[in-house]
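Structure at a glance
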Amino acid sequence: MENADIAKIFSDIADILEIREENPFRIRAYRNGALTLENLSERLAKIVERDPKQLRELPGIGEDLAAKIVEAVTTGKISFYEKLLTQIPRTLLDLMRIQGIGPRKARLFYKKLKVESIEDLEEAAKAGKLQNLPGMGKKSERKILQAIADFRGRDSKRFSLFRVLPHVEALVDYLKNGFKGIEVTPSGSVRRRKETIGDIDILVAGGNASKIMGHFVQYREVKNVLAKGETKSSIVLNNGLQVDVRVIGKGSHGSALHYFTGSKEHNVAIRDRAKRMGLKISEYGVFREKTGKRVGGKTEAEVFKAVGLSWIPPEMRENRGEIELAEKGELPKLIELSDMQGDLHMHTQASDGSHSIEEMALAAKKAGRKYVAITDHSKAVTVAHGLDEKQMLQHMKEIDKVNEKIDGIEVLKGVEVDILKEGLLDLEDAVLEKMDVVVGSIHSHFGMEEKAMTKRILQAIETGFVDIVGHPTGRLLGERSAYAVDMEKLMDAARSNHVALELNAYPNRLDLSDIYCKMARDKGVWLVISTDSHSTAQLENMIYGIYTARRGWLEKEHVLNTRPCAEFKKILHR
DNA sequence: GCCGTTTTCGGCCCGACTGTTTTCAGTCG
């Protein structure tokens, strides 16, 4: 069992215990445990193998959960969970994924109507059986039917950040244009620059709250209004994206911004800390618990300062150790877009790109880069018109020509060479030898099992020709999951062979993920951030790589292409 | 079930909105 599987079981256990109305703190303990496992970069199996006692060092993992993890890793199941499932059907848990249905309602429907699944629930609602239950009515019944329809229509629940940001911008403009002197700030996972977004949260400071609410729900792209209150409203856009807006007084801007930026886990940890210090934090400010005296909240910095911390960048607020660092004053200085000097992965018309070498180079210069590597596909990637040895040599001459012709940016000769099924590279050594930059990537046989896939990539690394492993897990957000690879082994091999791993900034890749970036940072593995552009416009996607890098705690020094070209080349030619 | 600068026991984040109530439970973030 892998980390995510065990996390899912802990979360299921929490749901079941909730339906059974057990001790809410015990339930939270399982939830917290699940979150810890989700955010963990190291494989639990590895930790157990090394020393099961180390599980106890993980936040929220005590004697009990540690034992369950050991059981899961060694036997492939958790007997406590199996036992629970004999009492409550697994499909009942799906009910709680319907908006407006929590554990109480799920339990009510199950007990009174024998509803065990979403299908059962739909049937009961259509038959008018729900409205007569205690606490229910006609309106609730209608809402549930609507929520079931929404749930089904909403394809794959989360939206990629790059699809969401344009909507955020439009909404912020819309709100700002309606009123004078209000501050409109995107918060939530958008502000944390998470790779996928569940809904948009927008904070408005100042202004007439009820007027702002009235204006907001009339936004031109509203499909339906979920809730409209005095200070808080939620709408669903035509594309299925939910937007929450909250209005707050200007004096509480900082505490509200902190609160609505989250993450939830970070907030819980901060509030817990405040509590231990005799303080109470809400969206309205920081207060002394005893006297109720307000001690801050106008700015975010005030909130952090009140609990003895320096200001934590939003991208780090996931309760992955950032609070401990802030306490010691040791927060990293996160990488910024302006640090990026090179872009080492892009395609031209020679393979599957839309522009010429020169056009790409000039656009990259405009985007602020000082050097680029042109890395077209090799011949195995036929769908992308990959180049064979002869074509590649010709292409390299073209690159040389452009390099001589233009100023202000250095153009390196590169290739994105396919890592074949057996771990061999798709071009002859004699050609690879002449390259400045070799990116090795997987484009086929994604379904290989983990051992074989890991061996395949390790073998490619060990040829000595690969400088960078491109999009190392092959995932496409919302489309294709990562292929199975032992990331520990891959990173260890990369480090000992002086090979860098790519953080591919293509917005639906972001591969490596934030968690793997942090793992690379911890392990001292070199990284590069590249756009994998197929057109000049895509060179601007570097910013998405920066977002993910910042979420992975990366600093300038961890990323090779923040260095000047000469220094970068020197490192490559170790 | 977890955890400890008040505690190995007794706490555990906090508030808005809705629909059903006739003062509040459930859900959500």
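Structural notes, computed from the coordinates. (Residues numbered from 1 in each chain as written. Chains lettered and ligands numbered in written order. Predicted model: local features only at pLDDT ≥ 70, side-chain atom pairs only at ≥ 80, totals over all residues. Heavy atoms only, no water.)

**Regarding helix H24 (residues 565-572)**
Along H24, the residues classified as buried are Cys565, Phe568, Ile571 and Leu572. End-on view of H24: buried residues confined to an arc of 125°, all on one side of the axis. Residues of H24 that are exposed and angled more than 90 degrees away from the buried face: Ala566 and Lys570. (Buried < 20%, exposed > 50% of the residue type's maximum accessible area, 1.4 Å probe, protein only. Helix = DSSP H or I, 4+ residues; strand = E, 2+ residues; numbered from the N terminus. Arc of directions from axis to C-beta.)

**Thoughts on the protein's contact with DNA strand B**
Lining the immediate surroundings of DNA strand B are 51 residues, of which Arg28, Gly100, Tyr259, Arg271 and Tyr284 lie closest. Each atom of DNA strand B within 4 Å of the protein belongs either to a base or to sugar and phosphate, the latter forming 77%. Contact between DNA strand B and glycine 102: a phosphate oxygen at 2.8 Å from a main-chain N or O atom of the residue. The contact in question runs from a phosphate oxygen of DNA strand B to an N or O atom on the backbone of lysine 105, over 2.9 Å. Elements supplying a minimum of two residues to the surface near DNA strand B: helix H2 (24-38), helix H4 (63-75), helix H7 (103-113), helix H9 (138-153), strand S5 (222-228), strand S7 (242-248), helix H14 (264-276) and strand S8 (279-282). A class-by-class count of the residues in the surface near DNA strand B yields 16 nonpolar, 13 polar and 22 charged. (Near = heavy atom within 4 Å. Polar contact = N/O pair within 3.5 Å; in protein donor to acceptor, adjacent residues only side chain to side chain. Nonpolar A, V, L, I, M, F, W, Y, C, P; charged D, E, K, R; others polar.)

**So, the nonpolar core**
Counting 48 residues, the largest nonpolar core has Phe10, Leu55, Ile69, Leu95, Phe109, Leu121 and Leu130 as the members making the most contacts within it. When near neighbours in sequence (up to four residues on either side) are disregarded, leucine 95 contacts Ile101, Ala106, Phe109, Val115, Ser117, Ile118 and Leu121. Listed in part, the 47 residues of the second largest apolar core include Leu387, Val466, Ala505 and Met519. (Core = buried A, V, L, I, M, F, W, Y, C linked by side-chain atoms within 4.5 Å. Contact = heavy atoms within 4.5 Å.)

**Here's the deal with the sheet that holds strand S15 (residues 468-469)**
Hydrogen bonds between backbone groups are what pair the strands of a sheet, and the pairing can be parallel or antiparallel. In spatial order, the strands read S11-S12-S13-S14-S15-S16-S17; together these 7 strands make up an open sheet with parallel pairing. The open sheet has two edge strands, strand S11 (342-343) and strand S17 (527-530), and neither has a second partner. Pairing analysis gives 5 bridges linking strand S13 (residues 410-418) to strand S14 (residues 437-441), with the strands arranged parallel. Each bridged residue has a counterpart across the sheet, and for glycine 414 the counterpart in S14 is valine 437. (Pairing = 2+ DSSP bridges.)

**Quick look at the layout of surface pockets**
In this model, the second largest pocket occupies a volume close to 180 Å³. Taken together, 15 residues line the second largest pocket, and the ones lying closest to its centre are Asp352, His377, His443, Arg509 and His534. Grouping the amino acids of the lining of the second largest pocket by side-chain chemistry returns 5 nonpolar, 6 polar and 4 charged. (1 Å grid on protein atoms, 1.4 Å probe; cavity = no way out; pocket = protein on both sides within 12 Å on 5 of 7 lines; lining within 4 Å. Points joined across faces, edges and corners; volume = space filled by probe spheres on them.)

**Some points on the packing of aromatic side chains**
Counting across every chain of the model gives 7 aromatic pairs. A ring pair is formed by tyrosine 259 and phenylalanine 260, whose centres lie 4.7 Å apart and whose planes are at 70°; its orientation type is edge-to-face. One aromatic cluster is present, built from ring pairs that chain together Phe10, Tyr30 and Phe80. Over the ring of phenylalanine 446 we find arginine 480, and its NZ or CZ is 4.0 Å from the ring centre. Between lysine 518 and the ring centre of tryptophan 553, over which it is positioned, the NZ or CZ distance is 4.3 Å. (Phe/Tyr/Trp six-rings, centres within 6.5 Å; stacked < 30°, edge-to-face > 60°. Lys NZ or Arg CZ within 6 Å of the ring centre and 35° of its normal.)

**Remarks on the packing of H2 against H4**
Here H2 crosses H4 at 50°, and the two axes come no closer than 11 Å. One way to sum up the angle between H2 and H4 is to call them oblique. The way H2 lies across H4 gives a crossing that is right-handed. For the pair H2 and H4, the contacting residues are Ala29, Tyr30, Gly33 and Leu37 in the first and Asp64, Leu65, Lys68 and Ile69 in the second. Along the lines of polarity and charge, the residues of the contact of H2 with H4 split into 5 nonpolar, 1 polar and 2 charged. (Axes fitted to C-alpha atoms, helices over the stretch in contact; angles between N-to-C directions. Parallel < 35°, antiparallel > 145°, perpendicular 65-115°, else oblique. Left-handed = near helix turned anticlockwise from the far one by under 90°.)

**A short note on helix H20 (residues 450-462)**
The terminal C-alpha atoms of H20 lie 18 Å apart, and with 13 residues this matches the ideal 18 Å at 1.5 Å per residue to within 8%. Buried within H20 we find Met453, Thr454, Arg456, Ile457, Leu458, Ala460 and Ile461. Where the residues of H20 are buried, they touch S15 and helix H21 (487-496). Glycine 464 sits one or two residues past H20 and shows a positive phi near 85°. (Expected span 1.5 Å × (residues − 1).)

**So, the sheet that holds strand S10 (residues 294-296)**
A sheet is described by the order of its strands in space; here 3 strands give the open sequence S8-S9-S10, paired in antiparallel fashion. If you trace the sheet from one side to the other, it starts and ends with S8 and S10, each paired once. Adjacent strand axes in the sheet meet at a mean angle of 35° when their direction is disregarded. Direction of pairing for strand S9 (residues 285-288) relative to S10: antiparallel, over a ladder of 2 bridges. Within S10, the position partnered with phenylalanine 287 by the bridge is arginine 294.

**A few points about the pattern of salt bridges**
By the definition in use, this model includes 40 salt bridges. Note that arginine 20 and glutamate 22 form a salt bridge whose closest N and O atoms lie 2.6 Å from each other. By relative accessible area, which is 30% here, arginine 20 ends up partly exposed. According to the relative accessible area criterion, glutamate 22 is partly exposed, its value standing at 23%. Ionic contacts of the salt-bridge type, sharing partners, join the residues Arg192, Glu318, Arg320, Asp514 and Arg551 into one network. (Salt bridge = Lys/Arg side-chain N within 4 Å of Asp/Glu carboxyl O.)

**A short note on empty space enclosed by the protein**
Here the structure, examined in full by the defined rule, presents 1 cavity of 30 Å³ or more. When its volume is computed, the largest cavity comes out at roughly 40 Å³. In terms of lining, the largest cavity is formed by Ser255, His258, Tyr259, Asn267, Ile270, Arg271, Ile281, Ser282 and Glu283. Of all the secondary-structure elements, those providing two or more residues to the lining of the largest cavity are helix H13 (253-261), H14 and S8. Per-class residue counts for the lining of the largest cavity are 3 nonpolar, 4 polar and 2 charged.

**As for the side chain of lysine 413**
Examined against the element boundaries, lysine 413 turns out to sit in strand S13. Relative accessible area serves as the criterion here: at 16%, lysine 413 is assigned to the buried category. Apart from residues lying up to four places away in sequence, lysine 413 is in contact with Ile374, Met396, Ile399, Asp400, Lys434, Met435, Asp436 and Val437.

**So, the environment of lysine 397**
By the element assignment, lysine 397 lies in helix H18 (residues 389-405). Lysine 397 sits 16 residues away from lysine 413 along the chain, and the two C-alpha atoms are 8.9 Å apart.

**Overview of unusual backbone geometry**
A cis amide bond, omega 0°, links glycine 262 with the succeeding residue serine 263. Mapped onto the fold, serine 263 is located in the loop between H13 and H14. Phi at histidine 385 is positive, roughly 55°, even though this residue is not glycine. In this fold, histidine 385 is placed in the loop between strand S12 (371-377) and H18. Assessed through its relative accessible area of 53%, histidine 385 is described here as exposed.

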